[in-house]
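Chains, contacts and geometry: an overview
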Amino acid sequence: MLQSEAKLAVPAKRKTSEPVGIRLKRFFKTVWDYRLSYLFIAPFLFCFLAFIFVPVVLAALLSFTYYNALEPPRFIGWQNFQYLFSQDLIFLKYALPNTIKFALIVGPGGYVAAFLLAWLIAQLPNYARIWYALAFYTPSLTAGIAMSIVWLPLLTGDRIGYLNSFLMNFGFIDQPILWVTDKNYLMGSMIVVTLWSSMGVGFLAMMAGILNVNQELYEAARIDGVKSRLQEIWYITIPSMKPQMLFSAVMAIVGTFKAGTIGQELSGQFPTPQYAGHLLMSHIQDYGEVRFEMGYAASLSVFLLVLMFLSNKLGTKLFGTKEDE
């Protein structure tokens, strides 16, 4: 008996590693066996490789070169990144702080506003819910049109601007305020306009998640002592819709960091007045499309990609599950 137990306790010998040729043969055989499945994912795989994977790899490679779009790229090592964090005063003084400030307000602010609006609309009857959801979702589709017909006339810095005219008529201000050309007001205007148009796909995902929560959970919670709507949201709604919360967080992070032209569109200037609305995307546009320093623009893009990746990891930590991590 003891000998048999001792045999069981001895660890089994590891299998010798198979030759590479046999493993490749098995791999191709598996691919061929499931060829129909791979055929279905081929369009997505092609688009992912062509428009995401390859550009990211090329940007990472170009970030270590000097490239002006006219001459062949010349390898310079870490010089672009050294210049970025030590000598680029526009980046250190304006682009990075403005981006962080913009992201911290617009990202969480738009995320919370999307959840609250989705929850409020979900409480309405079906016939009214559709129209309210459409009303809040439409600005994300027509942001470009609304900029020229709503926000620019509203924020015009003279007496005929809608906002200035309203404030002066009611005695709140004595003279017009330069909402989009004064460095003290431009960032605030950018934040308001971006929040207004932030109810996009993440907002719809949140509303779908709220509507799909099992109603029996609310009934069981009331029996267990949950008495307020706030407790229902905290203990039932949010835990039951974590996938939608995670998706909305990712969309909010991506939408916030990729915003860059809003300052130029409002002020009509590039760069914005005294760099008050200069974001990372604006800095990339400056070096890539104006100065044609593609290598340095690529290093800025890589930095922005890392920043977005870390933010997404934080979102996954907050709203994801162990499987998502």
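Residues numbered from 1 in each chain as written. Predicted model: local features only at pLDDT ≥ 70, side-chain atom pairs only at ≥ 80, totals over all residues. Heavy atoms only, no water.

Attention now goes to the overall build of the protein chain. Along the protein chain, the regular secondary structure elements total 16 helices and two strands. In terms of C-alpha radius of gyration, the protein chain reaches 27 Å, well past the compact-globule figure of 20 Å for 325 residues. C-alpha atoms of the protein chain, sized along the principal axes, occupy 100 × 70 × 40 Å. Of all 325 residues assigned to the protein chain, the portion counted as buried reaches 34%. The long-range share in the protein chain, meaning contacts at least 24 apart out of those at least 6 apart in sequence, stands at 62%. Element-wise, carbon and sulfur atoms account for 68% of the exposed surface of the protein chain, whose accessible area totals about 21,200 Å². In the protein chain, which carries 24 positive and 19 negative side-chain charges, the distance between the mean positions of the two groups comes to 11 Å. (Helix = DSSP H or I, 4+ residues; strand = E, 2+ residues; numbered from the N terminus. Rg over C-alpha atoms; globule rule 2.2 N^0.38 Å. Buried < 20%, exposed > 50% of the residue type's maximum accessible area, 1.4 Å probe, protein only. Contact = heavy atoms within 4.5 Å. Areas by Shrake-Rupley, 256 points an atom, 1.4 Å probe, with all protein chains shown as cover. Lys, Arg positive; Asp, Glu negative; His and termini not counted. Charge placed at Lys NZ, Arg CZ, Asp CG, Glu CD.)

By a widely used convention, the size of an interface equals the accessible area lost when the partners come together. Once the domains are mapped, the protein chain shows domain 1 (1–63) and domain 2 (89–324). Just the C-alpha atoms count here: the centres of domain 1 and domain 2 sit 40 Å apart. Listed by partner, the interface residues are five residues for domain 1 and five residues for domain 2. The junction of domain 1 with domain 2 conceals about 340 Å² of combined surface from both sides, 83% of it contributed by carbon and sulfur atoms. Looking only at domain 1, the three residues that lose the most surface to domain 2 are Ala59, Leu62 and Ser63, adding up to 76% of its buried area. In terms of residue class, the side of domain 1 that touches domain 2 is built from four nonpolar, one polar and no charged. (Domains from an automatic or database assignment. Buried area = accessible area lost by both parts, 1.4 Å probe. Nonpolar A, V, L, I, M, F, W, Y, C, P; charged D, E, K, R; others polar.)

Let us now look at the pattern of salt bridges. Using the criterion set out here, one finds four salt bridges in the structure. In this structure, arginine 291 and aspartate 286 form a salt bridge, with 3.1 Å as the shortest nitrogen-oxygen distance. Overall, aspartate 286 belongs to the buried group, its relative accessible area being 9%. Salt bridges linked by common partners bring Arg222, Arg229 and Glu232 together as one network. (Salt bridge = Lys/Arg side-chain N within 4 Å of Asp/Glu carboxyl O.)

This brings us to the packing of aromatic side chains. The full count for this structure, using the stated rule, is 15 aromatic pairs. The interplanar angle of 80° and the centroid separation of 6.2 Å between the aromatic rings of phenylalanine 85 and phenylalanine 91 together place this pair among those described as edge-to-face. Residue phenylalanine 85 is classed as partly exposed on the basis of its relative accessible area, which comes to 46%. Ring pairs connect the aromatic residues Phe64, Trp78 and Phe81, which therefore count as one cluster. Sitting over the ring of tryptophan 32, arginine 35 keeps its end group 4.3 Å from the ring centre. Sitting above the plane of the tyrosine 287 ring, arginine 291 keeps its charged end 4.2 Å from the centroid. (Phe/Tyr/Trp six-rings, centres within 6.5 Å; stacked < 30°, edge-to-face > 60°. Lys NZ or Arg CZ within 6 Å of the ring centre and 35° of its normal.)

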